[in-house]
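Topology and contacts: notes
Here's the letter readout for the chains.
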Amino acid sequence: MADQQARPGEDKRPSEIPVIRWEEPPEGPVLILLDQTRLPSEEVELVCTDASALVEAIRSLAVRGAPVLGIAGAYGVALAAARGFDVDEAAEALESARPTAVNLSLGVRRGLAAYRDALAATGDPTAAATAALASAQALHREDAEASARMAAHGLALLDELMPGGGHRVLTHCNTGALVSGGEGTAFAVALAAHRVGRLRRLWVDETRPLLQGARLTAWEAARCGMAYTLLTDSAAGSLFAAGEVDAVLIGADRIAADGSVANKVGSYPLAVLARYHHVPFIVVAPVTTIDPDTPDGASIEVEQRPGFEVTEILTPQATAVGGGGGVPLAPLGTQAYNPAFDVTPPELVTAIVTEEGVVSPVTPEVLAALCAKARATPAV
Ligand SMILES: CSC[C@H]1O[C@H](OP(=O)(O)O)[C@H](O)[C@@H]1O
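What counts, and at which threshold
Residues numbered from 1 in each chain as written. Predicted model: local features only at pLDDT ≥ 70, side-chain atom pairs only at ≥ 80, totals over all residues. Heavy atoms only, no water. Near = heavy atom within 4 Å. Polar contact = N/O pair within 3.5 Å; in protein donor to acceptor, adjacent residues only side chain to side chain. Areas by Shrake-Rupley, 256 points an atom, 1.4 Å probe, with all protein chains shown as cover. Helix = DSSP H or I, 4+ residues; strand = E, 2+ residues; numbered from the N terminus. Nonpolar A, V, L, I, M, F, W, Y, C, P; charged D, E, K, R; others polar. Domains from an automatic or database assignment. UniProt positions renumbered as here; feature names shortened; annotations may be inferred. Buried < 20%, exposed > 50% of the residue type's maximum accessible area, 1.4 Å probe, protein only. Contact = heavy atoms within 4.5 Å.

A word on the site of the ligand
- Around the ligand sit 18 residues, and of these R64, R98, D253, N263 and K264 come closest.
- In this structure, an oxygen atom belonging to the ligand sits 2.6 Å away from a side-chain N or O atom of R64.
- A distance of 2.7 Å is found between an oxygen atom of the ligand and a side-chain nitrogen or oxygen belonging to R98.
- Here the ligand, which alone exposes 400 Å², has 100% of that area covered by the protein.
- Those elements giving two or more residues to the shell around the ligand turn out to be α2 (66–82) and β9 (261–264).
- A class-by-class count of the residues in the shell around the ligand yields seven nonpolar, seven polar and four charged.
- Built from parts of two domains, the shell around the ligand gets at least three residues from each of domain 1 (2–143) and domain 2 (147–376).

Written out as structure tokens, the structure is:
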């Protein structure tokens, strides 16, 4: 596939990354995914012909990251409808594929509502399938637009907090084009700073155990010609202590009504380090990731993943779901604690950047007003 490494100064537009796309070959519609478990060494595409294949791809993190999970969920409903499968059954399976990222259930429900409304109005399953697809495509476009707006708001915030540019930003996990209909969430802010010459360094946490930072963020940063440095998660503290971090930029999988933020495990320790070292801790997420129906952090279901992801180095042959075949890192039979996410309390969050602007301080009232405005704005 295309050369992954950008030449110095070259910016290989993240939009060129074929994260997720719908195609309609003669044999029937398919959803094509870039298999993120194979990156950075291989660019392999998964062709999903039904919802169960997509559920597997979501569970194995072949497709991952809150916003794109919502897009995938909506396409999954459209795929089931277009291929004549039981749409309600498909929607239920998709929505339960991963519990923490609220966007997944939002996307599935949006596609299902479009399908049901069209079926009720026309009685025609083909028209209903077309409506479900149109809903997924609209969500795809809206997320790309939201990503660009978050990048602009986030860059303005960085410039306000650190006048003079030369931002040294630490990020965790992967929040670039691979999680988005556009260029991502937190990563898109760093990319915007890079494009105007105001990103001095992107510190990239490797993000154990599935290494989304080492494998995916480094891959995206290299493609864009960004100045980035990879570090072990445990090395982040020494960077703060050395005064090498101007801001933390992370994404989110679910933001509760009180402003608690669920994000990749390892985010909460960064928030504590940031507070101790007086460094802004900035969450970048679309309004759709704010969940007014989840009251607080304790109410967020944190996905617990298989222990072998911690006790083995996963090779391309050892899938993230099936396990086995990885290189053992610990004695056989070792028990492992492997939460996929942790929760940061609102008092440790300096700001939440959404496509509607910057929320700071984070208060339940402001979040509620944002959600009310979003709900009052009809989906396309
Ligand atoms: C902004 S979405 C990216 C978000 O999703 C990641 O989780 P996972 O890789 O398990 O899907 C992580 O929490 C990122 O911040």
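Following the structure, the description resumes.
Quick look at the UniProt feature "site: Transition state stabilizer" (unreviewed entry) in the protein chain
- The residues that UniProt annotates with the feature "site: Transition state stabilizer" (unreviewed entry) are C173.
- The topology assignment puts C173 in the loop between β4 (167–171) and α6 (186–195).
- Note on C173: relative accessible area 7%, which makes it buried.
- Apart from the residues lying within four places of it in its own chain, the contact partners of C173 are R64, D205, T207, Q212, G213, T217 and K264.

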